[in-house]
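# Structural features, examined
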Amino acid sequence: MKLRVLIFFSAFLFACNTKNKNPAEATNNSDHSTGVANDKQMILDKMVGTWQSEDGKSFERWIKNADGTFQSTAFRVKGTDTSWNEQAKIYLEMDKWVFENTVKGENDGKSVKFISTKLSENSIQFSNPEHDFPNDVNYTVADENTVRAFIVGKNNKGGLDTIPFNYTRVK
């Protein structure tokens, strides 16, 4: 069953981490192909908050838990009704960040795990090459009020499809 990772970062509050870095870290802002958790986890801190998609009806809300994990609920607002579409959590497992996502009405209600493969101060990529769609989930914090996300996966024609999601901070 295809996983619609509707990356509604309604809760992806861009709580920018202003933690001081040492000079060696400040000069190394490149992606890490290993996705190893380190001070660059601040990309996740920047995602904390409520985000609204370009259509104005879809949202994603990210929170940071006391244990350092992150949770998200994606929801859609139609009139006075609000319904959730998906729930996600991000946590550290064996020195990698795991994006575990559950989409309402898909995958028999089971979550799908994606493992961090690239990590920088402003972007993170999670991958699961075994999943039908998507195979990659990407987030980039463009600035304190903008998150650009996209998913990438194999299509039926042997190529790749990319679906973008752009969000603006609500709070």
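Residues numbered from 1 in each chain as written. Predicted model: local features only at pLDDT ≥ 70, side-chain atom pairs only at ≥ 80, totals over all residues. Heavy atoms only, no water.

## A look at the overall build of the chain
- Summing up its helical and strand segments, the chain has two helices and ten strands in all.
- From first element to last, N terminus to C terminus, the chain shows the α and β order α-α-β-β-β-β-β-β-β-β-β-β.
- A buried classification covers 44% of the 171 residues belonging to the chain.
- For the chain, restricting intrachain contacts to residue pairs at least 6 apart in sequence, the fraction spanning at least 24 positions comes to 51%.
- When the accessible surface of the chain is split by element, carbon and sulfur atoms take 50% of a total near 8,900 Å². (Helix = DSSP H or I, 4+ residues; strand = E, 2+ residues; numbered from the N terminus. Buried < 20%, exposed > 50% of the residue type's maximum accessible area, 1.4 Å probe, protein only. Contact = heavy atoms within 4.5 Å. Areas by Shrake-Rupley, 256 points an atom, 1.4 Å probe, with all protein chains shown as cover.)

## Considerations on the nonpolar core
- Ile90, Phe99, Phe126 and Tyr139 are the most contacted members of the largest nonpolar core, which has 25 residues in total.
- Within the residue set of this core, elements represented by two or more residues are helix 2 (42-46), strand 4 (81-93), strand 5 (96-103), strand 6 (112-119), strand 7 (123-127), strand 8 (136-143), strand 9 (146-154) and strand 10 (160-169).
- Aside from chain neighbours lying at most four places away, what touches isoleucine 90 is Leu44, Met47, Trp62, Thr69, Phe70, Trp97, Val98, Phe99 and Phe126. (Core = buried A, V, L, I, M, F, W, Y, C linked by side-chain atoms within 4.5 Å.)

## What to know about the sheet that holds strand 9
- In spatial order, the strands read 1-2-3-4-5-6-7-8-9-10; together these ten strands close into a barrel with antiparallel pairing. Averaged over all pairs of adjacent strands, the angle between strand axes in this sheet comes to 25°, irrespective of strand direction.
- For strand 3 (residues 70-78) and strand 4, the ladder comprises nine bridges, and the chain directions are antiparallel. When the bridges of strand 4 are listed, glutamine 71 appears paired with lysine 89. (Pairing = 2+ DSSP bridges. Axes fitted to C-alpha atoms, helices over the stretch in contact; angles between N-to-C directions.)

## Concerning the pairing of strand 5
- The buried fraction of strand 5 amounts to six of the eight residues, a majority that puts the element mostly inside the structure.
- For strand 4 and strand 5, the ladder comprises eight bridges, and the chain directions are antiparallel. Looking at the pairing, glutamate 93 lines up with lysine 96 of strand 5.
- Where strand 4 hands over to strand 5, the hairpin turn is made up of two residues, of which methionine 94 adopts a positive phi near 55°.
- Examined bridge by bridge, strand 5 and strand 6 share four bridges and lie antiparallel to one another.

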